[in-house]
Amino acid sequence: MVEINEFADRAAIARLSKRLALPRLERGWVWLAGAGPGDPGLVTALGLAAIAEADVILHDALVNDALLSLARPGAQLIYAGKRAGRKSCKQTDISRTLVSLARKKLRVLRLKGGDPLVFGRGAEEALTLARAQIPFRIVPGVTAGIGGPAYAGIPLTHRDTNHSVTFITGHGADGKLPKLDWSAIAKSSPALVIYMGRKYAGEIAAKLVKAGRAPDEPVALLANASFQNQTVSETTLGGLGAVASRETAPSIIVIGEIVRLRAGMDWLGAMAGRVLEPEPLGARALKDVS
């Protein structure tokens, strides 16, 4: 019965692809696609079609297994994830594998968590393919820095809190905290979203406070963003280090007044019985004049 259901699923994807006139993943091509941050429903239609058509899928650690189950019979699934603190695939090996598989005239899908070009090293893979004269397509995905806060009920922009947002990586290619101008970052935007920063959260917070951010500024630590086991820990910039030290899962850090809006926008919490506050910013909120 499972095989029949899986066949029906792939047939439905094929009908959807035809209805939307989506391009096909051709032999000898590599598609660099984003799978979204966790919830399989956040994959794009084009990404879904590629999963069902590929001969081989090189996937990251955070790609939802439900998506991989849609691979066609006989498709090869190759783990190509990189996780901090664990033995990981080397980027050069991944890129070379993509070239090798494409030269065998296989339909190759590189499936990455989130978006392939947002702190995902998809650009390095694309340039390797370009040097090898391998045709490729880039399929954007919902990046964790957008999907995670949305599933936590935190808007990245709101006219009462901020008109800009800055995305930062807290994990450099050498595994250490990047040597960024933290003073400039502290002043760059009212809202900061930090990827892969859990390990250095305390150090990041200290640098931001030293540069002028308030230690009582609202912060949210989003673990397993958009997965069913997502957790959200609300704290302050001064308390971030202690909260982060108790977490072990991949996390996104959101800093700024936008975190306060979660009290009125935690839609997942509301489904579980939380009573939302319609005026989370209190008297400071602008009123809709329309």
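Calculation rules
- Residues numbered from 1 in each chain as written.
- Predicted model: local features only at pLDDT ≥ 70, side-chain atom pairs only at ≥ 80, totals over all residues.
- Heavy atoms only, no water.
- Buried < 20%, exposed > 50% of the residue type's maximum accessible area, 1.4 Å probe, protein only.
- Helix = DSSP H or I, 4+ residues; strand = E, 2+ residues; numbered from the N terminus.
- Pairing = 2+ DSSP bridges.
- Right-handed = clockwise from strand over helix to strand, strands pointing away.
- Axes fitted to C-alpha atoms, helices over the stretch in contact; angles between N-to-C directions.
- Parallel < 35°, antiparallel > 145°, perpendicular 65-115°, else oblique.
- Left-handed = near helix turned anticlockwise from the far one by under 90°.
- Contact = heavy atoms within 4.5 Å.
- Nonpolar A, V, L, I, M, F, W, Y, C, P; charged D, E, K, R; others polar.

Undergrad: Any chance you could explain the pairing of strand 7 (residues 191-195) here in plain terms?
TA: On a regular strand, each side chain points to the face opposite its neighbour's, so the side chains alternate between the two faces of the sheet. Of all five residues in strand 7, five are buried, a share of seventy percent or more. Bridge count between strand 6 (residues 165-169) and strand 7: five bridges; the pairing is parallel. From the neighbouring strand, Thr-169 faces strand 7, where its bridge partner is Tyr-195. Handedness of the crossover joining strand 6 and strand 7 through helix 7 (residues 182-188) is recorded here as right-handed. Here strand 7 pairs with strand 10 (residues 251-255) via four bridges, running antiparallel. Across the sheet, residue Val-193 finds its bridge partner in strand 10, namely Val-254.

Undergrad: When you look at the sheet that holds strand 10 in this model, what are you seeing that I'm missing?
TA: Two orientations exist for strands paired in a sheet by backbone hydrogen bonds: parallel and antiparallel. Within the open sheet, the five strands sit side by side as 6-7-10-8-9. Their pairing is mixed. Looking at strand neighbours, the two that pair on one side only are strand 6 and strand 9 (231-236), the edges of this open sheet. Going from strand to strand, the sheet's axes swing by 20° on average, the running direction of each strand aside.

Undergrad: Even after reading the chapter, I still don't get the packing of helix 4 (residues 91-103) against helix 5 (residues 122-131), so can you show me in this structure?
TA: Axis angle and axis distance: for two packed helices, these are the angle between their axes and the distance between the axes, and together they describe the pair. Where helix 4 contacts helix 5, the two axes come as close as 9 Å, and the packing angle between them is 45°. Taken together, the axes of helix 4 and helix 5 are oblique relative to one another. Crossing of helix 4 over helix 5 shows right-handed handedness. Between helix 4 and helix 5, the residues in contact are Gln-91, Ile-94, Ser-95, Leu-98 and Val-99 and Glu-124, Glu-125, Thr-128 and Leu-129, respectively. Classifying every residue of the contact of helix 4 with helix 5 by side-chain character gives four nonpolar, three polar and two charged.

Undergrad: Teacher, can you tell me more about unusual backbone geometry here?
TA: The general pattern is negative phi for most residues beyond glycine and trans for most peptide bonds. One non-glycine residue, Lys-105, adopts positive backbone phi at about 65°. The residue Lys-105 is located in the loop between helix 4 and strand 4 (108-112) in this model. Positive phi, close to 55°, is recorded for Asn-224, a residue that is not glycine. Using a relative accessible area of 18% as the deciding quantity, one classes Asn-224 as buried.

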